[in-house]
Amino acid sequence: MSSSDIFIGETIGTALLILLGGGVCAAVTLKRSKARNAGWLAITFGWGFAVLTGAYVAGGVSGAHLNPAVTIGLAIEGGTKWSDVPLYLGSQLLGAMIGAVLVWATYYGQFHAHLTDPEILAAPPAEEGMVQEKAAPNAGPVLGIFSTGPEIRNVVQNLITEIIATVVLVLAILTQGLNDGGNGLGVLGALVTALVVVGIGLSLGGPTGYAINPVRDLGPRIVHSLLPLPNKGGSDWTYAWIPVAGPLIGGAIAGGLYNVAFK
């Protein structure tokens, strides 16, 4: 797998992941969206389909990691060379930022209507959006479209939640290689991974919004801080390290656990 394959596959695949995942959050949150207030089920399945699309598109090019936690887990397991890790991570971050910009472009009118509506601006975060965290004093009214946030702010709990959820994801991906005589699941692997993401969202996503992917949170959060959105508020950088550190730790634990338990 060449460097250009990794760069192209991971950039495009991660951009599609964030476009569709962030897109469903925008659809559920923004005023004048036909899907407004569609709820948590719409978000969890939307993110699952986003993973399915990104993985299917990039799978044959770069292996479709689309997630630094997956890359770290695969490097520890031995399936990815450590020398390729920086390229994977950089491409994933770039793709995530591109995807976030595309979400903004797609919902440009809805962002403007939402962020200039007096009722939206007057409402506390707990009331105005389905994906905006409740206890976020420095978070803007549309930050939940771009990045995650906890329902209860507790550093230890939030970090542990992200670690546990990411271990489930990465371990499910690594153990695909144990099926079909060690040949993995082929094209079904993307579907299995997507369903695992839906399951994580339904079962483990309630406390923090389940980032389970550092660039899924960091890339769009950077874009949120840079976009010319009126009345957008803060980007909640005090919380931003948790959805980066938690998934990276979880990916590393999953890689080590796989080596101990399944090899």
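Summary of the structure given here. These figures come from a predicted structure and were not determined experimentally. (Residues numbered from 1 in each chain as written. Predicted model: local features only at pLDDT ≥ 70, side-chain atom pairs only at ≥ 80, totals over all residues. Heavy atoms only, no water.)

**A look at the overall build of the protein chain**
When you go through the protein chain residue by residue, the secondary structure sums to 12 helices and zero strands. When its helices and strands are written in sequence order, the protein chain yields α-α-α-α-α-α-α-α-α-α-α-α. In terms of overall size, the protein chain behaves like a compact globule, its C-alpha atoms giving a radius of gyration of 18 Å where 263 residues would be expected to give roughly 18 Å. Classification of the 263 residues of the protein chain by burial places 52% in the buried group. Residue pairs in contact within the protein chain that sit at least 24 positions apart in sequence constitute 75% of those at least 6 positions apart. Accessible area for the protein chain stands at about 10,900 Å²; split by element, carbon and sulfur atoms hold 68% of it. Counting 11 positive and 14 negative side-chain charges, the protein chain places the averaged centre of each group 6 Å from the other. (Helix = DSSP H or I, 4+ residues; strand = E, 2+ residues; numbered from the N terminus. Rg over C-alpha atoms; globule rule 2.2 N^0.38 Å. Buried < 20%, exposed > 50% of the residue type's maximum accessible area, 1.4 Å probe, protein only. Contact = heavy atoms within 4.5 Å. Areas by Shrake-Rupley, 256 points an atom, 1.4 Å probe, with all protein chains shown as cover. Lys, Arg positive; Asp, Glu negative; His and termini not counted. Charge placed at Lys NZ, Arg CZ, Asp CG, Glu CD.)

**Considering the packing of aromatic side chains**
Within this structure, the stated rule accounts for five aromatic pairs. Seen in terms of ring centroids, Trp40 and Tyr210 are 5.8 Å apart; in terms of plane orientation they differ by 70°. Their pairing is edge-to-face. Placement of Trp40 in helix α2 (residues 40-62) and of Tyr210 in the loop between α10 (188-204) and α11 (214-226) is noted, with a sequence separation of 170 residues between them. (Phe/Tyr/Trp six-rings, centres within 6.5 Å; stacked < 30°, edge-to-face > 60°.)

**Description of helix α9 (residues 155-174)**
When the terminal C-alpha atoms of α9 are compared, their 28 Å separation across 20 residues agrees well with the 28 Å that a helix rising 1.5 Å per residue should span. Its buried side turned inward, α9 meets α3 (68-77), α10 and α12 (242-261). One side-chain oxygen at the N-terminal end of α9 lies 3.2 Å from the backbone nitrogen of Val156; it belongs to Asn154. (Expected span 1.5 Å × (residues − 1). Polar contact = N/O pair within 3.5 Å; in protein donor to acceptor, adjacent residues only side chain to side chain.)

**Here we look at the packing of helix α4 (residues 85-106) against helix α5 (residues 108-115)**
Here α4 crosses α5 at 75°, and the two axes come no closer than 4 Å. It follows from the interaxial angle that α4 and α5 lie roughly perpendicular. Note on element contacts: α5 touches α4 through Tyr108, Gln110 and Phe111, opposite Val103, Trp104, Ala105 and Thr106. (Axes fitted to C-alpha atoms, helices over the stretch in contact; angles between N-to-C directions. Parallel < 35°, antiparallel > 145°, perpendicular 65-115°, else oblique.)

**A closer look at the environment of Ile222**
Following the sequence through the fold, Ile222 ends up in helix α11. A relative accessible area of 23% places Ile222 in the partly exposed class. Sequence separation between Ile222 and Met97 is 125 residues, and the spatial gap between their C-alpha atoms is 7.5 Å.

**Thoughts on the side chain of Glu10**
Within the fold, Glu10 resides in helix α1 (residues 3-29). Of the polar contacts made by the side chain of Glu10, one reaches the side chain of Gln92; its length is 2.9 Å.

**What to know about the nonpolar core**
As a rule of thumb, nonpolar side chains are buried together in soluble globular proteins. Core analysis: the largest hydrophobic core is formed by 39 residues, its most contacted members being Trp47, Phe111, Val142, Ile145, Phe146 and Leu229. At the level of secondary structure, the elements contributing two or more residues to this core comprise α1, α2, α4, α5, α8 (143-146), α9, α10 and α11. No other element matches α1, which puts seven residues into this core. Contact partners of Phe146, with chain neighbours within four places excluded, come to Ala100, Phe111, Arg216, Asp217, Pro220, Arg221, Val223, His224, Leu227 and Leu229. Of all hydrophobic cores here, the second largest spans 13 residues; its members include Leu74, Val167, Leu171 and Leu174. (Core = buried A, V, L, I, M, F, W, Y, C linked by side-chain atoms within 4.5 Å.)

**A closer look at the side chain of Glu162**
Examined against the element boundaries, Glu162 turns out to sit in helix α9. In this structure, Glu162 is buried with no salt-bridge partner, the nearest side chain bearing the opposite charge being Arg216 at 8.0 Å. Side-chain polar atoms of Glu162 contact the side chain of Thr208, separated by 2.6 Å. (Salt bridge = Lys/Arg side-chain N within 4 Å of Asp/Glu carboxyl O.)

**Examining the pattern of salt bridges**
Counting across every chain of the model gives three salt bridges. Its salt-bridge partner being Asp236, residue Arg153 comes within 2.4 Å of it at the nearest N-O pair. Residue Arg153 is found in the loop between α8 and α9, and its partner Asp236 is found in the loop between α11 and α12; the two are separated by 83 residues along the sequence. Look at Arg153 and you get partly exposed, because its relative accessible area is 32%. Residue Asp236 is classed as buried on the basis of its relative accessible area of 1%.

**Some details on the environment of Leu202**
Tracing the chain through its elements places Leu202 in helix α10. Between the alpha carbons of Leu202 and Ser33 there is a distance of 23 Å; along the sequence they are 169 residues apart. In contact with Leu202, other than residues within four places in its own chain, are Trp40, Leu41 and Thr44.

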